[in-house]
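Working through the structure, step by step
Spelled out from the first residue to the last, the chains are:
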Amino acid sequence: MRVLLVEDEPNIALPLKEALVDEGFVVEVADDGLRGEAIALQDSWDVIVLDIMLPRLNGYDILKSIRSHNIWTPVIMLTAKDGEYDQADAFDLGADDYLPKPFSFIVLVARLRALVRRGKPERPVVLQVGDLTLDPTTHEVRRGAAPITLTSREYGILHHFMRHAEEVVTKADILQHVWDPDYEGSDNIVEVYVGHLRKKIDTPFGCSSLLTVRGHGYRLMPPVEQGAL
Ligand code: CA
């Protein structure tokens, strides 16, 4: 079994490589992000272990790049507990599993074997509501053919709405899924962001898809021409 290990810290990478080789894996180590990306793209691997904080190109960008080249090799990400990113980001970008550092070697090997058994994942489905599309792998959002640029918070909210299209979504749902768990401010912040989103996904296209359900929350629907309302 061929494992690509992208990890820049020698005191993690070297003992890990040795231990994986002892377990019968064939292991190549890339100690910076660009090299890791190049090796991932040029060669075929059974599984890729990806650190996040790497010199030259971070693990998220490597993952984005290999998925955008239609390489669906299982990827396990090594996440730092207090990192800037979290597991939700890893899964959105098409990681198959994650392991918070510090991790036990035995757990990593078990996860690697499980991933390889599961095989290559299907390409993640592009979410679609009417002519609005969101690609969880590349983070591209479009209305018809027109690309829409969102901030990461707006993207997170839209992603949640699109996963629950045509359902009533409350402000509390959105806070729970998109904000940090320790956010203690008012849920009025959600209204502000919904306003921003409408200005990007509806207003320029003369349509109305992100509807207010008074007293309950919001509902994302296939768009209605504004003239028809
Ligand atoms: Ca690192």
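Residues numbered from 1 in each chain as written. Predicted model: local features only at pLDDT ≥ 70, side-chain atom pairs only at ≥ 80, totals over all residues. Heavy atoms only, no water.

A separate point is the overall build of the protein chain. Within the protein chain, the secondary structure is distributed over eight helices and twelve strands. Within the protein chain, contacts between residues separated by at least 24 positions form 56% of all contacts whose residues are at least 6 apart in sequence. (Helix = DSSP H or I, 4+ residues; strand = E, 2+ residues; numbered from the N terminus. Contact = heavy atoms within 4.5 Å.)

Right, let's talk about the sheet that holds strand β9 (residues 146–148) for a bit. Spatial strand order, β6-β7-β8-β9: four strands in an open sheet with antiparallel pairing. Edge positions in the sheet fall to β6 (127–129) and β9, since each has one partner strand and no second. Ignoring strand direction, the axes of neighbouring strands in this sheet form an average angle of 25 degrees. Two strands pair when backbone bridges link them, and strand β8 (residues 140–143) and β9 are joined in this way by three bridges, in the antiparallel orientation. Across the sheet, residue V141 finds its bridge partner in β9, namely I148. Running at roughly 110 degrees to strand β7 (residues 132–135), helix α6 (residues 152–163) makes contact with β6, β7 and β8 of the sheet. (Pairing = 2+ DSSP bridges. Axes fitted to C-alpha atoms, helices over the stretch in contact; angles between N-to-C directions.)

Moving on, we come to the confidence of the model for the protein chain. On average, residues of the protein chain score 86 in pLDDT, and 90% of them are at 70 or above. Within the protein chain, the lowest mean pLDDT, 66, falls on helix α4 (residues 87–92), and the highest, 96, falls on β9. (pLDDT = per-residue confidence, 0-100.)

On the protein side, the calcium ion has D8 (OD), E9 (OE), D51 (OD) and M53 (O) as donor atoms, found 2.1 to 2.8 Å from it. For the calcium ion, the single-chain donor residues occur in sequence as D-E-x41-D-x1-M. By relative accessible area, M53 is classed as exposed at 58%. (Donors = N, O, S within 2.8 Å, 3.2 Å for Na, K, Ca; no water. Buried < 20%, exposed > 50% of the residue type's maximum accessible area, 1.4 Å probe, protein only.)

What follows covers helix α5 (residues 105–118). Spanning 14 residues, α5 covers 20 Å between terminal C-alpha atoms, matching the ideal 20 Å at 1.5 Å per step. Against the buried residues of α5 lie α1 (10–22), β3 (47–51), β4 (75–80) and β5 (97–101). (Expected span 1.5 Å × (residues − 1).)

Here we come to the environment of S209. Its location among the elements puts S209 in strand β11 (residues 207–213). Classification of S209 as buried rests on a relative accessible area of 1%. Here the alpha-carbon distance between S209 and L132, two residues 77 residues apart in the chain, equals 9.3 Å.

Let's shift gears to the nonpolar core. Among the nonpolar cores identified, the biggest contains 24 residues, and L158, F161 and I174 are the most heavily contacted of them. Elements that contribute at least two residues to this core include exactly β6, β7, α6, α7 (171–178), α8 (188–201) and β12 (217–225). Excluding residues within four positions of it along the chain, L158 makes contact with L132, L134, V141, L150, L197, I201 and L220. Of all hydrophobic cores here, the second largest spans 20 residues; its members include L4, W45, L63 and I66. (Core = buried A, V, L, I, M, F, W, Y, C linked by side-chain atoms within 4.5 Å.)

Let us now look at the pattern of salt bridges. For the coordinates displayed, the defined rule picks out twelve salt bridges. Measuring nitrogen to oxygen at the nearest pair gives 3.2 Å for the salt bridge that ties E7 to K101. Placement of the pair is E7 in the loop between β1 (2–6) and α1 and K101 in strand β5, with a sequence separation of 94 residues. For D97, the salt bridge goes to R111, with nearest N and O atoms at 3.1 Å. Here D97, found in strand β5, pairs with R111, found in helix α5; they are 14 residues apart in sequence, far enough to count as distant. Among the residues examined, R111 registers a relative accessible area of 28% and is labelled partly exposed. A single salt-bridge network, built from bridges that share partners, covers E7, E9, D51 and K101. (Salt bridge = Lys/Arg side-chain N within 4 Å of Asp/Glu carboxyl O.)

On to the packing of α1 against α5, then. At a closest axis distance of 11 Å, the pairing of α1 and α5 adopts a crossing angle of 55 degrees. With respect to α5, the axis of α1 lies oblique. As for how α1 packs across α5, the hand of that crossing is right-handed. Packed against α1, whose contacting residues are L16, A19 and L20, the element α5 presents F105, L108, V109 and L112 at the interface. Counted by class, the contact of α1 with α5 contains seven nonpolar, no polar and no charged residues. (Parallel < 35°, antiparallel > 145°, perpendicular 65-115°, else oblique. Left-handed = near helix turned anticlockwise from the far one by under 90°. Nonpolar A, V, L, I, M, F, W, Y, C, P; charged D, E, K, R; others polar.)

What follows covers the side chain of H159. Checked against the element boundaries, H159 lands in helix α6. A relative accessible area of 4% means that H159 is categorised as buried. When residues no more than four places from it in sequence are discounted, the contact partners of H159 are D92, L127, L134 and P136.

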